[in-house]
Amino acid sequence: MEIDPKSLKNNESYKLLCSLLIPRPIAWVSTINSEGKPNLAPFSFFGAVTSAPPTLMLSVGRRKGQLKDTSNNLLATKEAVVHIPSQANANAMVATSADFEAGIDEFSACGLTPTPSQCIKPARVAEAAIAMETRMLSHQLIGNAPSDVFFLEVLHFYIDDKIYTDGKIDTLGLDACGRLGGDEYCTTTNIIQIARRVLK
Ligand SMILES: Cc1cc2nc3c(=O)[nH]c(=O)nc-3n(C[C@H](O)[C@H](O)[C@H](O)COP(=O)(O)O)c2cc1C
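A short tour of the structure in this document, coming up. (Residues numbered from 1 in each chain as written. Predicted model: local features only at pLDDT ≥ 70, side-chain atom pairs only at ≥ 80, totals over all residues.)

**A word on the overall build of the protein**
Then, in step 1: The number of helices and strands found in the protein is 5 helices and 15 strands.
Then, in step 2: Here the protein has a C-alpha radius of gyration of 17 Å; the compact-globule value for 200 residues is 16 Å, and the two agree.
Then, in step 3: A burial count over the protein gives 27% of its 200 residues as buried.
Then, in step 4: Long-range contacts, defined as pairs at least 24 residues apart, comprise 60% of the intrachain contacts of the protein with a sequence gap of at least 6. (Helix = DSSP H or I, 4+ residues; strand = E, 2+ residues; numbered from the N terminus. Rg over C-alpha atoms; globule rule 2.2 N^0.38 Å. Buried ≥ 20, exposed ≤ 12 C-beta atoms within 10 Å, placed from the backbone. Contact = placed C-beta atoms within 7 Å.)

Listed below in structure tokens is the structure:
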């Protein structure tokens, strides 16, 4: 099979990319609007950009041509808490992706507990083991739709003490939930170790 991306419709390209670029980490993103109303939603077009300073990339699509609440909030307030959901958070995390009206608080709608952040105004999810408080560095429009791509600098890490040892996260303790294609998700229980050869 050979595929020219230009031959694909937008939904075909989305389906293909989402099912081959797996597993994807999930950013569970808490923001507030300019009036301080909270918003929470997951995004898997997400990744690390650099570690010094720790910087993340988040790509938010548009809904019928309109910016999603997360994009509007980030553009208005420049702040977001990015959580890494565990398997224990998976149902609630997916529930927060529903098409709630702007201004609906997904924390209370999905039975989650907001707790104050250290450096920024949006609350973090008390039920999540990892929360990164971030400030928007830049915003770019990418693609035909287009997508709103945000670069976010991490200002503060919250990590549950139970899963932190010696500068590292306990993989099994975190039990991070990853996104596959469609409605499929995965966890990180089948871990393999491969040492890298040192040539010099
Ligand atoms: C696991 C998961 C990952 C998602 N990833 C993305 C993504 O990368 N980009 C995107 O635009 N929407 C993504 N969505 C859909 C958004 O979560 C959904 O559109 C949500 O309603 C946006 O909320 P907001 O309008 O409050 O920002 C994802 C949904 C789920 C369940």
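From this point, the discussion proceeds with the structure in view.
**Notes on the site of the ligand**
Then, in step 1: Among the 17 residues in the neighbourhood of the ligand, the closest are listed as Ala 41, Phe 45, Gly 61, Asp 69 and Thr 70.
Then, in step 2: Counting residues per element, the ones that place at least two in the shell around the ligand are β2 (38-43), β4 (54-60) and α2 (69-77).
Then, in step 3: Considering each element in turn, the shell around the ligand owes the most residues, 4 residues, to β2.
Then, in step 4: Grouping the amino acids of the shell around the ligand by side-chain chemistry returns 7 nonpolar, 6 polar and 4 charged. (Near = placed C-beta within 6 Å. Nonpolar A, V, L, I, M, F, W, Y, C, P; charged D, E, K, R; others polar.)

**Comments concerning the sheet that holds strand β10 (residues 130-142)**
Then, in step 1: What the 7 strands build is an open sheet, ordered β2-β1-β7-β10-β11-β4-β3; its pairing is antiparallel. The open sheet has two edge strands, β2 and β3 (46-51), and neither has a second partner. Averaged over all pairs of adjacent strands, the angle between their axes in this sheet comes to 30°, without regard to strand direction.
Then, in step 2: As judged from the 3 bridges shared by strand β1 (residues 27-32) and strand β7 (residues 79-83), these two strands associate in the antiparallel manner. When the sheet's bridge partners are listed, Trp 28 is paired in β7 with His 83.
Then, in step 3: Packed onto the sheet, α2 meets β1, β2, β4, β7, β10 and β11 (147-159) and runs at close to 55° relative to β1. (Pairing = 2+ DSSP bridges. Axes fitted to C-alpha atoms, helices over the stretch in contact; angles between N-to-C directions.)

**Here we look at the environment of Pro 122**
Then, in step 1: For Pro 122, the location among the structural elements is in the loop between β8 (114-115) and β9 (124-125).
Then, in step 2: Residues Pro 122 and Thr 134, spaced 12 residues apart in sequence, show a C-alpha to C-alpha distance of 9.8 Å.
Then, in step 3: Not counting residues up to four positions away in its chain, the partners in contact with Pro 122 are Ser 30, Thr 31, Ile 32, Pro 38, Glu 79, Ala 80, Val 81 and Ser 117.

**Considerations on the nonpolar core**
Nonpolar side chains in soluble globular proteins generally cluster together in the buried interior.
Then, in step 1: Ranked by size, the top nonpolar core spans 31 residues in total, and within it Ala 27, Trp 28, Val 29, Phe 43, Leu 58 and Val 82 carry the most contacts.
Then, in step 2: Those elements that place two or more of their residues in this core are β1, β2, β4, β7, α3 (90-95), β10 and β11.
Then, in step 3: The residues touching Trp 28, leaving out its near neighbours within four places in the chain, are Leu 40, Pro 42, His 83, Pro 85, Met 93, Val 125 and Ala 128. (Core = buried A, V, L, I, M, F, W, Y, C linked by C-beta atoms within 7 Å.)

**Quick word on the pairing of β1**
The two faces of a sheet get side chains in turn, since along a regular strand they alternate between them.
Then, in step 1: In terms of burial, β1 is largely enclosed, as 5 of its 6 residues are buried.
Then, in step 2: Inspection of the sheet shows β1 paired to β2 by 6 bridges, in the antiparallel sense. Looking across to β2, one finds that Trp 28 is bridged to Pro 42.
Then, in step 3: Where β1 hands over to β2, the hairpin turn is made up of 5 residues, of which Gly 36 adopts a positive phi near 90°.

**Quick notes on unusual backbone geometry**
Where the residue is not glycine, phi is negative for most of them; where a peptide bond is considered, it is trans in most cases.
Then, in step 1: The residue after Ile 22, namely Pro 23, is reached through a cis peptide bond having omega -15°.
Then, in step 2: Examined against the element boundaries, Pro 23 turns out to sit in the loop between α1 (10-20) and β1.
Then, in step 3: The omega torsion across Ala 52 and Pro 53 is -5°, close enough to zero to call that bond cis.
Then, in step 4: Mapped onto the elements of the fold, Pro 53 is located in the loop between β3 and β4.
Then, in step 5: In this structure, Asp 166 is a non-glycine residue whose phi angle is positive, near 55°.
Then, in step 6: Inspection of the secondary structure puts Asp 166 in the loop between β12 (164-165) and β13 (168-169).
Then, in step 7: In this model, Asp 175 sits at a positive phi of 55°, which is unusual for a non-glycine residue.
Then, in step 8: Considering the arrangement of structural elements, one finds Asp 175 in the loop between α5 (171-174) and β14 (178-179).
Then, in step 9: Here Asp 175 falls in the partly exposed class, since 18 other C-beta atoms lie within 10 Å of it.

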